[in-house]
Amino acid sequence: MTTASEAETEQAGESLGRRLTPGAVVLLYGDLGAGKTAFVRGMARGLGANPEDVSSPTFTIMQEYAGTVATLYHVDLYRLEPAEIDDLGLEDLLEARGIVAIEWAERWKDRPSAVTEVAIEHLGEDRRRIRIE
């Protein structure tokens, strides 16, 4: 799909969020500024969490948002080295039965096979191409 605004990117995330069940893992791919956090903001809304609480976890590494469907764990691996990623305990998040959304997921070598992958490509201005598999 192609979105023409940040609000439409959030709506795409919300649509996915409404379909997710506890235990789901969403791996997000895209360059800096592609719209990954906006997409996760929409996911939060779809899960019954406050989307206004969602911000990029680049410096905090992980943020947690309580939703009515499940807790959303929002992780950003951008600034981490492989050994630091291994020490995060991402496997423990998978057992927590929340929804796990991971930005810069290509950096996670031991990711599970049963995931939803979201690739976001910045097309210029506010346009984004979003592919969900």
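Preceding this paragraph is the structure being described.
Residues numbered from 1 in each chain as written. Predicted model: local features only at pLDDT ≥ 70, side-chain atom pairs only at ≥ 80, totals over all residues. Heavy atoms only, no water.

Draft legend 1. Local environment of a negative patch on the surface. Side chains of Glu81, Glu84, Asp86, Asp87, Glu91, Asp92, Glu95 and Asp110 sit close together on the surface and give a patch of like negative charge. When residues of the negative patch are traced back to their parent elements, those giving at least two are helix H3 (82-87) and helix H4 (90-95). Mapped onto the secondary structure, aspartate 110 falls in the loop between strand S5 (99-103) and strand S6 (116-124). The class of aspartate 110 is exposed, set by a relative accessible area of 54%. (Patch = residues over 30% accessible without salt bridge, like charges linked within 9 Å, V, L, I, M, F, W, Y side chains within 5 Å. Areas by Shrake-Rupley, 256 points an atom, 1.4 Å probe, with all protein chains shown as cover. Salt bridge = Lys/Arg side-chain N within 4 Å of Asp/Glu carboxyl O. Lys, Arg positive; Asp, Glu negative; His and termini not counted. Charge placed at Lys NZ, Arg CZ, Asp CG, Glu CD. Helix = DSSP H or I, 4+ residues; strand = E, 2+ residues; numbered from the N terminus. Buried < 20%, exposed > 50% of the residue type's maximum accessible area, 1.4 Å probe, protein only.)

Draft legend 2. Local environment of the environment of alanine 34. Structurally, the position occupied by alanine 34 is in the loop between strand S2 (25-29) and helix H2 (36-46). Exposure remark for alanine 34: the relative accessible area of 1% places this residue in the buried category. Separated by 97 residues in sequence, alanine 34 and arginine 131 have C-alpha atoms that sit 12 Å apart. Among all residues touching alanine 34, those that are not within four sequence positions of it are Ile120, His122 and Arg128. (Contact = heavy atoms within 4.5 Å.)

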